[in-house]
Amino acid sequence: NAGVTQTPKFRILKIGQSMTLQCTQDMNHNYMYWYRQDPGMGLKLIYYSVGAGITDKGEVPNGYNVSRSTTEDFPLRLELAAPSQTSVYFCASSYTPRGDTQYFGPGTRLTVL
Amino acid sequence: GQQVMQIPQYQHVQEGEDFTTYCNSSTTLSNIQWYKQRPGGHPVFLIQLVKSGEVKKQKRLTFQFGEAKKNSSLHITATQTTDVGTYFCNQAGTALIFGKGTTLSVSS
């Protein structure tokens, strides 16, 4: 199993550009999550999904969109990039949300200039 | 939402010294998970505690869950440079909450 994979690893965007961060897991997990981590800070939940076709907002959803058309994929979309979205983005998955291990991808380091 | 606080935020120790980080909640936790994130890496699951007063050990790491299930601690005995990183506590659930973590640095 590859676990949770994320692409790209690094990206530089100009203000106003858009992009999609890809996340795929091969563990047949129902639950998937997107976090952002600013330097020296903890993880903040952006969006999460409890299964294909179902998504919900986390703590910091503004400026982002998600979709979950399959169990495996959970892409994160930035429509109008802003400098405040400069961060490291982690995708994670778990079989259930309650008392279950979250498996994290390697992260995408995004810089918006 | 439920707030999980970790202290200290930063800790520097000499190699061989002990280290402890604490995770505190204002409300009762159903469980507590601990994760470790190495510099430049991603969080990796270490352990989960569920029962009141539970204590689990992993080699030099000792994890405790408070009797009231409102706090937890991670203690590392005789730190090594490989222990460097940020340790996060988290209550698993639909509304996922990660504390800010404790960043440990170790000098040899």
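Positions within a chain are numbered from 1, following the residues in the order the chain's sequence is written. Chain labels run from A onward and ligand labels from 1 onward, assigned in the order the entries are written. Since the coordinates come from a predicted model, pLDDT governs what is reported: local features require at least 70, and pairs of side-chain atoms require 80 or more to be given and counted, while whole-chain, interface and lining totals use all residues. Side-chain measures were taken over the full set of non-hydrogen atoms in the model, leaving aside hydrogen atoms and water.

Student: Pulling in residues and values, what's your account of the overall build of chain A?
Tutor: Helix and strand labels come from DSSP, where a helix needs a run of H or I of at least four residues and a strand needs a run of E of at least two; each type is numbered from the N terminus. Scanning chain A from terminus to terminus reveals zero helices and eleven strands. Written out in order from the N terminus, the α and β elements of chain A read β-β-β-β-β-β-β-β-β-β-β. Using C-alpha atoms as the atom set, the radius of gyration is obtained and then compared with a globule rule of 2.2 Å times the number of residues to the power 0.38. Taken over C-alpha atoms, the radius of gyration comes to 13 Å for chain A, in line with the 13 Å a tight globule of 113 residues would show. Seen through its C-alpha atoms, chain A measures out along the principal axes to roughly 35 × 30 × 25 Å. Burial classification: accessible surface area is computed with a 1.4 Å probe over protein chains only, and a residue below 20% of its type maximum counts as buried, one above 50% as exposed, and the rest as partly exposed. When each of the 113 residues of chain A is scored for burial, the buried share is 45%. Restricting to contacts in chain A with at least 6 residues of sequence separation, those with at least 24 account for 55%. Across chain A, the centroid of the 10 positively charged side chains sits 9 Å from that of the 8 negatively charged ones. Here, residues are in contact when the closest pair of their heavy atoms is within 4.5 Å. Positive residues here are Lys and Arg, negative ones are Asp and Glu, while His and the chain termini are left out of the count. Think of each charge as sitting on NZ of Lys, CZ of Arg, CG of Asp or CD of Glu.

Student: Please give an account of the pairing of strand β8 (residues 71-76) of chain B that cites residues and values.
Tutor: Residues and elements named next belong to chain B. Strand pairing requires that DSSP identify at least two bridges connecting the strands. Across six bridges, strand β3 (residues 19-25) lies against β8 in antiparallel orientation. Its bridge partner being in β8, Tyr22 is matched across the sheet by Ser73. Across five bridges, strand β7 (residues 61-65) lies against β8 in antiparallel orientation. What sits directly across from Phe63, in β8, is Leu74.

Student: Give a description of the state of the cysteines that names residues and reports values.
Tutor: Only a pair of cysteine sulfur atoms within 2.5 Å counts as a disulfide in this structure description. In this structure the tally under the stated criterion is two disulfides over all chains. Note on cysteine connectivity: A:Cys23 is disulfide-linked to A:Cys91, with sulfurs 1.8 Å apart. Its S-S torsion of about -70 degrees marks the bond between A:Cys23 and A:Cys91 as left-handed, since a negative value means left-handed. In this pair, A:Cys23 sits in strand β3 (residues 19-25) while A:Cys91 sits in strand β9 (residues 87-94), placing the two residues 68 residues apart along the sequence. With a relative accessible area of 1%, A:Cys23 lands in the buried category. Residue classification places A:Cys91 among the buried residues on the basis of a relative accessible area of 0%. In this model B:Cys23 forms its disulfide with B:Cys89; the gap between the sulfur atoms is 2.0 Å. Of note, the bridge from B:Cys23 to B:Cys89 carries an S-S torsion of about 75 degrees and is right-handed in sense. Of this pair, B:Cys23 sits in strand β3 while B:Cys89 sits in strand β9 (residues 85-91), placing them 66 residues apart in sequence. Residue classification places B:Cys23 among the buried residues on the basis of a relative accessible area of 1%.

Function cannot be inferred from these measures alone, as they are strictly geometric.
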